Every structure is written in structure tokens, then in C-alpha cells.
Amino acid sequence: MKKLKNYIVLLCCFMLAACEIDNYDGPDATIQGTIFEDQAHQPLQVDQGAGIIRIRETSWTKGDTSAYVGNQTLKVQQDGTYRNTKMFSGDYLMLPYSGPFYPYDDEHLDADNAGELVKIKGTITKDFTVTPYLSIDWVEEPTVTADNRIRCSVRFKRNQKPGYEMPDVREAWLLVSRTINTSARDLDLYPRKLDLTNNMEGQVISFISDRAVKYTGIDYYIRVSMNCQTAAGKPQTNYPGMGANNFTTIQKVRVP
Amino acid sequence: MNMKKYRYTHIVFVLVLSLCLLGSCTKLDIAPKTILTNEAIYNEAGIKAYMAGMYNHLPMEDFKYDATDGYFRELNINTFATSTGEFFNGNNVGMKLHRGGYWGDGFMIIRQANTLINDLPKYAAELPKAEEWIGEAKFIRAYVYFQLAKRYGGLPVIETPQVLNDDGSSLWVARSSHADTYNFILADLDDAIAKMPGSSEIGRANKWVAAAFKSRVALTAGTIARYGAAKFPVWEVNGVMLEGIPEDKANDYMKQAWDAANMVTESSVYQLHRGNPDKTANFAEVWEKADNNKESIFIRKYDYLNWVHSNDAVMSPLRMTITYGGRFCPTMNWVELFDGLPVDPATGRFSGLDADGNYIVYDNCHQLWDGAEPRLRASLLLPGTTYKGVKLDIRAGVFVSSVDPAVTKIKKFSRDDGAISEAYNSWPTDANANLFRNGTILRTTQDPRNQTDTYSYTNDQGQTLKIFKIGQDGPLISGVGGNHTYTGFYGRKYLNLSMTTAQTALHESTQSWIEIRYAEVLLNKAEAAIELAQHGEANYNGANMLQDAFTCINDIRDRAGATLLTSPAQLSMDPAYPKFQGTGSFVEAPTRGLQLLRIERYKELAFESKIYWDLRRWFTFDTQINQYRKRGLYPFMFSKGATIDASGTPDGKYIYDARATENGSDRLTYGVNSYYETIPGDELKNNPLLQKNRNQ
């Protein structure tokens with residue numbers, strides 16, 4: 001009996017040897033910030049749920065270059081801000097990517113080593129500044145016509161980033177939403193696109209919704225979107241995410 | 001106990017035990033019975049079984065392909081035909097691409113083919129057919145490589161069965177360039193053509209199958225070279241062009257495509273099916289008699305005991321199946337490509353209106369279709385025709401009897417600009433002017449099959465008829481229950497109409513899938529010819545290219561009962577009609593000549609899983625399918641003068657209203673960077689030499 005006890009103790013010792021405490025820190029770090037556009041240095045207006053920050057966790061491979069590191073994507077809010085509170089601490093390569101702007105990293109473009117190295121630990125704020133394809137400004141902010149349609153006008157400017165060819169403008173939409181989250185899918189009141197050409201740059205472009213808004217006595221949220229396409233004869237302007245929309249700010253109008 | 005004695009007995013015991021155990025140590029060297037040896041495989045019957053295994057796994061987008069779930073699934077509900085404008089159903093109203101990530105299953109078949117290609121030469125002396133089988137294995141390898149190349153561009157080219165070493169590095173192969181990958185596939189097919197005999201068991205490849213397939217592959221390579229370069233910058237890694245083929249190689253591939261197709265057409269082994277003088281019935285027979293007509297070049301057979309599919313249960317109208325059903329709704333955008341319909345030549349859209357903008361009144365539910373192109377009539381189920389004992393009944397509403405079509409003219413009561421989708425009762429907004437709100441047109445939201453809310457109409461003879469307000473087979477517009485047609489159309493191609501409704505259930509269908517048919521070869525040849533003619537090669541191989549394309553297209557059109565081209569000059573380099581600015585303008589192309597050809601492909605090859613890959617190789621997907629909204633055709637019947645047959649199905653005078661579908665009206669947009677799929681992440685982990693695709 002005593003011997004058996006000895007065996008049990010021995011067995012327990014063996015089992016203990018396999019007990020390593022899993023003490024890897026939980027995802028307790030926060031990364032947040034804003035994507036600015038370089039023209040007026042305002043936050044970049046983007047679509048709802050735009051996944052336009054690519055991040056790569058580089059520290060866990062401990063320098064082993066043959067290990068495969070996958071890309072992850074961070075979403076950005078319409079107003080250009082982002083905030084993620086469940087990140088593992090570590091070193092990340094962060095790259096604004098596949099959005100309505102020129103490539104961010106002029107040297108590495110979108111190669112695996114592109115982007116900025118950010119050590120994420122605790123709460124880190126990291127802003128980026130990008131060059132959007134288009135800047136769209138309100139000329140006449142949205143108003144409600146007598147027959148409850150939405151009208152407004154804008155003008156756009158094609159931006160240039162040194163070293164890059166410009167894509168061509170493609171089309172424009174008037175977006176009308178009943179919530180603050182006006183997105184590129186809010187096309188119901190303006191179902192037909194407005195075709196754009198490059199020479200419309202700087203001109204006043206007017207929009208009026210195809211029909212009246214459905215409800216009165218509430219607020220509607222309006223913005224205008226425009227996108228670009230690969231320039232004719234210049235396939236090199238097919239930048240990642242080509243076709244993503246640039247937007248105006250979201251304007252609230254009260255429909256009486 | 002004496003400790004010393006204990007130890008001694010203990011040691012003796014262990015020694016004796018060990019000796020006993022040693023007795024059972026003979027060398028265990030018996031061949032495992034569960035592994036087939038070469039002797040079992042390398043004979044006629046063994047090879048047939050081995051080949052069957054590979055054919056069974058060939059990745060075809062057939063009845064068992066589901067665009068969401070992938071190859072070899074139970075049902076084919078999700079379809080990428082939604083994205084091309086061919087047809088859609090309630091399960092697929094948004095953009096639907098092919099299922100991503102096909103890789104390992106393909107390389108499994110490639111390895112099996114490589115094993116044959118590697119081993120068979122050793123048996124050449126005893127097996128007279130060894131060379132033919134090597135050719136067949138190369139066809140299979142080419143088939144799978146082509147499916148992969150369409151997705152990813154350049155691929156690791158693996159020509160021998162790989163052998164694993166300790167760290168796995170012997171399995172690592174880098175990607176060849178996109179062009180070299182296609183060259184490899186084409187070389188395999190050349191070998192297959194040279195080695196295989198001119199005939200084969202049904203379902204297996206032969207010389208002509210390989211040639212027909214080669215025309216498809218070479219044409220794909222040629223169009224990627226010609227049109228891909230304009231869309232994408234060069235994607236080169238370490239000097240290897242992984243995506244895109246240099247533009248100057250386009251004509252070479254076009255010539256290969258033309259030669260391969262010409263080989264098939266010259267041989268006359270296969271030809272267009274023309275067995276029935278009735279052109280509508282004849283076109284339907286291409287599928288109904290797929291197993292024994294000369295048009296089927298390469299088919300996949302099904303078998304009731306071993307290998308069934310569910311196409312009829314999924315795709316039939318609800319009244320013609322006991323389960324599922326209603327998932328085959330061709331769109332107006334596709335229907336209006338055909339001849340013999342009231343299409344406005346200025347816009348290319350179905351109008352159904354007279355010069356004053358009033359609806360044209362048709363005498364009955366089938367008059368509109370009576371004059372339509374036979375190919376269309378055979379591709380759709382037509383209202384008023386009885387299939388499987390069910391008289392198809394499609395109607396979106398009835399006019400009250402006070403409206404007499406002989407007296408009252410009706411102006412279009414909906415908007416059809418390809419962009420707006422709205423309910424009939426929401427426009428015009430004025431309730432008095434809206435025919436649906438002022439009580440002029442009656443509808444019900446009951447299940448169309450079980451309508452009790454009928455319209456009682458007393459005719460001139462004093463009889464009271466109970467008229468179903470909406471068709472018993474739909475269409476589905478706001479509020480109607482059941483999974484009836486969304487567009488006002490039901491497709492027919494590939495349905496087995498000889499099944500009874502009671503038989504139509506899941507896992508009961510066995511009609512064959514035609515993977516390659518002669519009509520495609522003719523269209524491949526015509527496309528290659530026009531591409532050559534429009535790019536500096538007016539004559540090739542002793543043939544005038546435009547004249548040849550003209551002959552091929554007219555051959556197809558004549559069989560289809562369509563209007564013939566009048567002269568090769570129609571296949572011109574004039575600009576193609578821009579969208580909604582001419583007949584067939586839904587289909588984009590760089591020139592009018594190519595537009596005519598591409599429309600012909602849309603009409604002839606629809607619902608056959610071909611058009612999706614065409615739009616990708618033409619690189620027009622992102623411009624043609626941009627904020628695209630599916631359209632339908634909605635028939636309305638006048639109760640005035642209507643009759644009812646013995647089954648209770650009414651007929652009367654009809655008008656037809658085309659517009660965007662009300663249900664499932666999602667806008668579809670194909671992203672400009674969707675033409676190449678990303679290399680699966682798992683494969684990148686497995687193989688450090690594998691390079692990513694652009695934008696990955």
C-alpha cells in the first residue's frame with residue numbers, strides 16, 4: 001500500500017511537469033486614431049464599415065522570416081476615426097490600404113513589409129495622413145424643397161500625389177439616410193448614378209433627389225459620394241481598392 | 001521476505017518473459033491488403049477504375065456545383081449566374097461569385113494524373129493502350145489546371161508525382177508565370193490530342209474533346225492577354241509575371257484557339273443537333289437527348305443508384321415539384337437579347353408599347369411568345385403551355401371587367417430605367433392615378449397556388465367566372481407568399497420534363513451535364529476569328545477570318561431560328577452600343593462585331609456556367625455589372641372577355657410591363673479587383689515559395 005502511494009506521488013510529479021501556466025496576456029491593448037486627408041488636414045470621410053487599415057502582427061514570429069504572417073483588417077468609421085480595444089500587445093505593421101486614397105507607403109506600396117511599425121501596448125493613438133483621390137466640398141448644403149425632395153450641390157477636386165498617376169473620376173451619387181450612418185447603399189432616393197468626367201473638376205454639380213422623402217417631421221442625413229476608376233490607358237492607376245468612394249461630410253436636414 | 005531472493009526471482013522472471021516474447025519476433029512484412037498495387041491498376045480494368053476516380057472529381061460547375069458551397073454538393077441553389085444577369089433566385093439576390101479557395105482538391109487530381117503519366121511508360125510493352133491513357137491523363141491534368149488558372153493566374157507547375165522528404169521542402173514549388181501556366185496546359189492538350197483516339201466511351205475524353213477544350217483554354221489565354229493588360233498593372237514577383245499575359249501574345253493564343261476549334265469542325269465527328277425540323281423542339285432536344293446526339297462533346301453522366309442530382313426539384317416551378325422549386329428565374333435583361341420580341345431598338349429594352357406609349361394588347365397569354373426566337377422558346381417555360389400536366393400560369397394582376405381593352409388605352413404605369421425598383425402601388429404616388437390603388441388592377445397576396453380571393457366576372461353570356469387574380473405560378477411581387485418566379489420567367493434548359501411532378505424530388509434527377517458542346521466550339525472559333533480579324537490578321541490558315549466567323553455565327557443562328565447576319569461586314573470595328581442605347585447593349589464589348597458575338601454567347605450558352613467565366617476573361621465584369629438591377633416582365637390580364645379552362649386556369653387579353661424586380665432587387669456590382677482570387681492562406685503557410693497575388 002505504501003508502495004502504491006509512492007507511485008501515485010511519482011505519477012503526480014510527472015503530470016506536474018506538463019503544467020505550464022498559460023500566462024500570455026489577454027487582448028487588453030487599445031489602438032485608436034484618425035485617418036486624415038492631407039489637403040485640408042480634416043478627417044477622411046469614408047463609407048460605413050470601411051475596412052481600410054491593414055495590420056500585421058510581426059512580433060510573435062520572433063524574427064523567423066519563413067513563418068507565415070497573415071493580414072488582418074481594422075474597420076474605420078464614417079468620420080475617419082477608428083478604435084479597437086481588444087488587441088494583443090505586440091508589434092504591428094499598420095498600413096492604410098484599399099481605401100479611396102493613393103498608396104500610403106511610397107517605398108514598399110502594399111508589400112508585406114509596407115506600413116508603419118507600431119508597438120501596441122496599453123492605449124496607443126496612431127493617426128495617419130493619406131492623399132484621397134478626390135476632395136468633395138459642399139457648395140450648397142442640403143436643403144428640403146417645397147415638395148420634400150433633397151437638393152444640394154458640391155464640387156470636387158482631383159488630388160495628386162507626387163510619383164503617382166491620377167485615376168479617372170467615374171460616377172457620383174446622392175445618399176439619403178434616416179440614420180446618422182449614411183452609407184454608399186442609401187441610394188433609394190437617387191437611384192441613377194451621375195456620370196462624371198475629369199473636366200467637371202471644380203464645376204458646381206447639383207443634385208436633387210428623384211422623389212420626395214418618405215417621412216416628415218424627422219431628420220435626414222445626407223452626403224454625396226464619388227468614386228474613381230482606372231485611368232484609360234494607364235493600368236498602373238488600378239490602385240488597391242480602386243472604386244472605393246470618397247464622400248462629403250454628413251449633413252443633417254430637418255424635413256418639416 | 002528475503003530481499004535478495006526477491007530480486008533474484010524477479011530478474012529470472014523478466015528474462016524468461018523476454019525470451020518468450022522474442023519467440024514471436026518474425027519480420028512482419030506482409031503487403032497491406034488495403035493498398036492497391038501497381039499490378040492491380042496497370043491493366044485495362046484497373047485503368048478504367050482509376051480514370052473513373054479522376055473523372056468523378058473533375059471540378060465542373062454542373063448540377064452539383066453550388067457557388068457558395070463549392071463542387072460536389074447536394075443542391076445547386078446558389079448560382080453565380082445571378083451576377084451575370086442570366087437568372088437568379090430568392091437565395092441569391094446579391095452579388096454571387098464562385099466559391100473561393102479551390103486548390104488542394106485540384107492538386108490531388110493533378111497528382112493522380114501525374115502518377116499515371118509517370119508510371120505508364122514502364123508498361124508500354126504489355127499495355128498497347130498506354131499511350132492513349134497518358135494522353136487522357138494529360139487531358140485531365142489540363143482540365144484541372146485550367147480551373148485553377150482561371151482563378152489564380154500563374155500556378156506551380158507540377159509534372160511528376162512529388163515525394164515527401166523530412167522537412168517537406170521537396171513539395172515546395174514556386175509559381176510559374178501566368179503565360180507559362182497556360183502554355184503548359186496547352187502543351188498537355190496538344191499531347192492529349194496527339195495520343196488519344198478519335199472516339200471514346202461516353203463521358204470520357206478523346207482527341208476531339210481535347211481539341212474542343214483547347215479552343216476554350218486558348219481563347220481564355222488570348223482574351224486575358226488582350227484585355228487584362230488594360231485593367232491591371234503588371235504583377236511581377238522576382239521577375240515572374242504572376243497575373244496577366246503580355247498583350248503581344250494575344251494573337252498567338254487566338255490562332256491556337258481557332259486551329260483547335262477548326263480541327264473539331266473539320267472532323268464532322270460532332271455537329272449541331274438538327275434532328276427535329278421544329279426549331280423550338282430541336283433546341284430543347286440538345287439537352288433532352290444529350291446522351292445520344294452529335295452535339296454533346298464532353299458530358300458527365302449521372303446514375304440513379306450511385307450518382308444523382310436535384311436539378312429538377314430545385315429549378316422547377318413549385319407546381320411541378322413536390323419540394324423546393326422556383327429557383328430558376330431568368331431576367332428580362334437576358335430575355336430581351338432575343339429576336340422576335342417588341343424591343344425598342346433605341347434602348348435595347350423590351351417596351352411592349354405602341355408608338356403612342358400605350359401598352360400593346362395581346363390576344364392571349366402566349367401570343368407574345370408565339371413569334372419569339374425558337375431558341376428562347378426552348379430555353380424558357382412558356383405561359384399557356386402544359387408541362388408535366390401543369391398549364392403554366394403567370395400573371396401579376398387582372399383588370400376589373402369595366403376596363404375594355406378594345407376601348408381603353410393604357411399608358412405605362414411603371415418606370416423602367418434599370419435603376420428604380422419600387423412597388424406598383426407606390427408610383428404614381430397620386431392614389432387616384434395609381435391603377436393599383438384606385439381599384440383598376442386587382443391583386444392578391446395569397447399563395448398563388450391556393451387562391452381563394454378570386455375575382456368574380458360575369459361575361460356577356462351571363463356566366464360568372466372565378467378568375468385567379470395572380471398567376472398560379474407567380475410572379476412574386478411584394479407580399480405574395482411562396483418561392484415563385486421573381487422575374488415573371490421560368491427557365492427550361494436542363495430540366496427533365498419527362499419526370500412527373502410526383503417523381504420530382506431531391507436526389508431523383510439523372511440527366512447528363514453537357515460540359516462541352518459543339519455550339520461552344522463554333523462560338524470559340526468565331527470569337528478567335530473576329531479577334532484576329534480586328535487585330536491585323538484578316539486571313540489565317542487560308543481562311544478569311546470575318547467570313548469564317550460569319551459562317552459560324554449564322555450556323556448557330558440558323559439552328560436557333562434567329563435572324564441571320566446578312567454580311568460579314570456586320571462584324572465591324574464600329575464602337576459597340578453603349579448600355580441601354582441599342583439592341584443587346586446589356587452585353588459590353590470593345591467593338592460592335594465582338595458585341596454581336598458576345599450576345600450570341602449570352603443567348604446560346606446561358607445557364608451552362610459559361611458566361612460567368614466569359615465576363616471574367618473579357619474583363620468587362622466590373623463595368624457591365626455595375627449597380628446592376630435585375631429586371632422582370634409582369635403580365636396583366638383583362639378580365640373583360642376572359643375564359644377559364646377545365647383546370648380553372650384563365651386566359652384573356654394581356655399587356656406586359658417590364659421593370660426592375662420588386663423583390664430581390666439588390667444592386668449588383670463586381671469589384672474591379674475581383675478578377676484574380678487571393679492565394680489561400682493555408683497554402684502560403686505550407687509552401688514558402690508560393691507568392692501571393694496582387695492586393696493580397
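Predicted, not measured: the structure shown is a model, and the values here were computed from it.

Rules used throughout
- Residues numbered from 1 in each chain as written.
- Chains lettered and ligands numbered in written order.
- Predicted model: local features only at pLDDT ≥ 70, side-chain atom pairs only at ≥ 80, totals over all residues.
- Heavy atoms only, no water.
- Contact = heavy atoms within 4.5 Å.
- Buried area = accessible area lost by both parts, 1.4 Å probe.
- Polar contact = N/O pair within 3.5 Å; in protein donor to acceptor, adjacent residues only side chain to side chain.
- Helix = DSSP H or I, 4+ residues; strand = E, 2+ residues; numbered from the N terminus.
- Nonpolar A, V, L, I, M, F, W, Y, C, P; charged D, E, K, R; others polar.
- Expected span 1.5 Å × (residues − 1).
- Buried < 20%, exposed > 50% of the residue type's maximum accessible area, 1.4 Å probe, protein only.
- Domains from an automatic or database assignment.
- Salt bridge = Lys/Arg side-chain N within 4 Å of Asp/Glu carboxyl O.
- Phe/Tyr/Trp six-rings, centres within 6.5 Å; stacked < 30°, edge-to-face > 60°.
- Lys NZ or Arg CZ within 6 Å of the ring centre and 35° of its normal.
- Core = buried A, V, L, I, M, F, W, Y, C linked by side-chain atoms within 4.5 Å.

(A) Region of the structure containing the interface of chain B and chain A. Every contact between the two is made by 25 residues of chain B and, on the other side, 25 residues of chain A. Summing the contributions of chain B and of chain A, the shared interface buries around 1900 Å²; its carbon and sulfur component is 42%. Counting across the interface, chain B meets chain A through nine residue pairs in polar contact (both at pLDDT 80 or more). Those elements that provide at least two residues to the side of chain B that touches chain A are α8 (207-231), α19 (621-624) and α20 (681-686) of chain B. Here the residues of the side of chain B that touches chain A are counted per class, giving eight nonpolar, seven polar and ten charged.

(B) Structural context of helix α3 (residues 44-56) of chain B. Residues and elements named next belong to chain B. Here α3 is 13 residues long and its end C-alpha atoms lie 18 Å apart, about the 18 Å a rise of 1.5 Å per residue gives. Considered for burial, the residues of α3 that qualify are Gly46, Ile47, Tyr50, Met51, Met54 and Tyr55. Residues of α3 that are buried sit in contact with α2 (38-41), α5 (104-119), α6 (130-152) and β4 (296-300). Of the residues flanking the start of α3, the one acting as N-cap is asparagine 43, its side-chain oxygen 3.1 Å from the backbone nitrogen of alanine 45.

(C) View of the domain arrangement of chain A. Residues and elements named next belong to chain A. Partitioning chain A into structural domains gives domain 1 (29-130) and domain 2 (134-254). When each unit is reduced to the centre of its C-alpha atoms, the spacing between domain 1 and domain 2 is 26 Å. In this complex, domain 1 contributes 19 residues to the contact, which on the side of domain 2 involves 26 residues. A combined buried area of about 1700 Å² lies between domain 1 and domain 2, and 48% of that area is made up of carbon and sulfur atoms. Area buried by domain 1 at its contact with domain 2 is led by Gln45, Asp47 and Tyr102, which between them contribute 38% of it. Along the contact surface separating domain 1 from domain 2 lie two salt bridges. Its salt-bridge partner being arginine 185, residue aspartate 47 comes within 3.9 Å of it at the nearest N-O pair. At the junction of domain 1 and domain 2, the tally comes to nine residue pairs in polar contact (both at pLDDT 80 or more).

(D) Region of the structure containing the packing of aromatic side chains. All names here are of chain B. Summed over all chains, the structure comprises 64 aromatic pairs over all chains. Judged by centre distance (5.5 Å) and plane angle (90°), the ring pair of phenylalanine 146 and phenylalanine 213 falls under edge-to-face. You can see phenylalanine 146 sitting in helix α6 and its partner phenylalanine 213 sitting in helix α8, a full 67 residues away along the chain. Exposure class is identical for phenylalanine 146 and phenylalanine 213. Each is buried. The interplanar angle of 80° and the centroid separation of 6.2 Å between the aromatic rings of phenylalanine 586 and tyrosine 602 together place this pair among those described as edge-to-face. Placement of the pair is phenylalanine 586 in the loop between α16 (545-560) and α17 (592-605) and tyrosine 602 in helix α17, with a sequence separation of 16 residues. Sitting over the face of the ring of phenylalanine 88, lysine 630 holds its NZ or CZ atom 4.9 Å from the ring centroid.

(E) Inspection of the domain arrangement of chain B at higher detail. Residues and elements named next belong to chain B. Along its sequence, chain B is organised into domain 1 (38-269 + 677-686), domain 2 (330-493 + 631-664) and domain 3 (522-625). Taken as a group, Glu86, Tyr227 and Trp258 account for 23% of the area that domain 1 buries against domain 3, more than any other trio of residues on that side. Note that glutamate 531 is salt-bridged to arginine 226, the shortest N-O span being 2.8 Å. Run the count over domain 1 and domain 3 and you get 20 residue pairs in polar contact (both at pLDDT 80 or more).

(F) Structural context of the nonpolar core. Grouped together as the largest cluster of nonpolar side chains are 198 residues, with contacts concentrated most on Phe139(B), Tyr182(B), Trp334(B), Trp369(B), Phe399(B), Phe413(B) and Phe636(B). It is α6(B) that provides the largest number of residues to this core, a total of 14 residues. Contact partners of Trp369(B), with chain neighbours within four places excluded, come to Val335(B), Leu341(B), Leu376(B), Arg377(B), Leu380(B), Leu382(B), Pro383(B), Phe489(B), Leu633(B) and Tyr656(B). Among the nonpolar cores identified, the runner-up in size contains 36 residues, and Tyr133(A), Leu189(A), Met226(A) and Val255(A) belong to it.

(G) Examining the pattern of salt bridges more closely. Residues and elements named next belong to chain B. Following the criterion strictly, the structure yields 68 salt bridges over all chains and no others. Among the ionic pairs, lysine 493 bridges to glutamate 608, the shortest N-O distance being 2.8 Å. Of this pair, lysine 493 sits in the loop between β13 (490-491) and β14 (513-517) while glutamate 608 is found in the loop between α17 and α18 (611-618), placing the two residues 115 residues apart along the sequence. Glutamate 608 carries the same exposure label as lysine 493, and that label is buried. Note that glutamate 527 is salt-bridged to arginine 617, the shortest N-O span being 3.0 Å. You can see glutamate 527 sitting in helix α15 (residues 518-533) and its partner arginine 617 sitting in helix α18, a full 90 residues away along the chain. By the burial criterion, glutamate 527 is buried, and arginine 617 matches it. Connected through salt bridges with shared partners, the residues Glu295, Glu373, Arg375, Lys493, Arg517, Arg557, Arg559, Glu600, Lys603, Glu604 and Glu608 form a single ionic network.

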